[in-house]
Amino acid sequence: LITFNMPYGFTLTNVKISTTVAPTGAALLTVDVHQAGTTVLSTKVTIDVSEKTSATAATQPVISVSALADNSLIEVFVDQVDTNNVAAGLKIYLIGTQT
């Protein structure tokens with residue numbers, strides 16, 4: 001779990017994740033982002049097996065709440081780890097514009 005407060009209002013247009021060590025096995029590395037306790041993604045962000053970035057994932061994230069409020073609490077959850085539990089060095093990128 002990673003938490004932080006938004007430093008300003010933000011319109012979220014994409015979410016990407018990457019790792020320094022690629023996940024392995026059948027299960028995808030899956031991450032969810034919450035604002036004030038509620039998810040902002042209707043389809044969570046994933047990294048496919050043997051990849052190091054979500055940019056090439058077969059299923060891309062879908063944003064259901066794009067307005068991130070100034071000073072709102074943002075929580076990042078790892079909902080699922082890869083089958084072999086080897087993925088490491090997770091980084092998250094919230095992409096969008098300041099409002």
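Please refer to the structure higher up on the page.
Residues numbered from 1 in each chain as written. Predicted model: local features only at pLDDT ≥ 70, side-chain atom pairs only at ≥ 80, totals over all residues. Heavy atoms only, no water.

1. Thoughts on the sheet that holds strand 8 (residues 67-68)
Thinking step 1. Pairing in this open sheet of 3 strands is antiparallel, and the strands run 8-2-10 from one edge to the other. A strand with exactly one partner marks an edge of an open sheet, and here the two such strands are strand 8 and strand 10 (91-98).
Thinking step 2. As defined by bridge partners, strand 2 (residues 10-18) adjoins strand 10 across 8 bridges and the pair is classed as antiparallel. The residue of strand 10 that forms the bridge with Thr11 is Thr97. (Pairing = 2+ DSSP bridges. Helix = DSSP H or I, 4+ residues; strand = E, 2+ residues; numbered from the N terminus.)

2. Comments concerning the pairing of strand 2
Thinking step 1. Relative to strand 8, strand 2 runs antiparallel, the two being bridged by 2 bridges. Within strand 8, the residue paired with Thr11 across the bridge is Ala67.

3. Notes on the side chain of His34
Thinking step 1. As for its placement among the helices and strands, His34 is situated in strand 3 (residues 29-35).
Thinking step 2. A polar atom in the side chain of His34 sits 3.0 Å from the side chain of Asp32.
Thinking step 3. Setting aside residues no more than four positions away along its own chain, His34 makes contact with Thr39, Val40, Leu73, Ile74, Glu75 and Phe77. (Polar contact = N/O pair within 3.5 Å; in protein donor to acceptor, adjacent residues only side chain to side chain. Contact = heavy atoms within 4.5 Å.)

4. Quick word on a nonpolar patch on the surface
Thinking step 1. A cluster of nonpolar residues, Val78, Val81 and Leu90, forms a patch on the protein surface that exposes about 210 Å² of accessible area.
Thinking step 2. The partly exposed category is assigned to Leu90, whose relative accessible area is 31%. (Patch = residues over 30% accessible without salt bridge, like charges linked within 9 Å, V, L, I, M, F, W, Y side chains within 5 Å. Areas by Shrake-Rupley, 256 points an atom, 1.4 Å probe, with all protein chains shown as cover. Salt bridge = Lys/Arg side-chain N within 4 Å of Asp/Glu carboxyl O. Buried < 20%, exposed > 50% of the residue type's maximum accessible area, 1.4 Å probe, protein only.)

5. What to know about the environment of Val86
Thinking step 1. Structurally, the position occupied by Val86 is in the loop between strand 9 (73-80) and strand 10.
Thinking step 2. Along the primary structure Val86 and Thr24 are separated by 62 residues, whereas in three dimensions their C-alpha atoms are 6.8 Å apart.
Thinking step 3. Ignoring any residue separated from it by four or fewer positions in sequence, one finds Val86 in contact with Val21, Ala22, Pro23 and Thr24.

6. Section: the side chain of Asp48
Thinking step 1. Its location among the elements puts Asp48 in the loop between strand 6 (45-47) and strand 7 (62-63).
Thinking step 2. Put simply, Asp48 is tucked away with no salt bridge, and the nearest opposite charge, on Lys16, sits 14 Å away.
Thinking step 3. The contact partners of Asp48, leaving out residues within four places of it in the chain, are Pro23, Leu28, Thr56, Ala57 and Ala58. (Lys, Arg positive; Asp, Glu negative; His and termini not counted.)

Interpretation in functional terms is not warranted from these geometric data alone.
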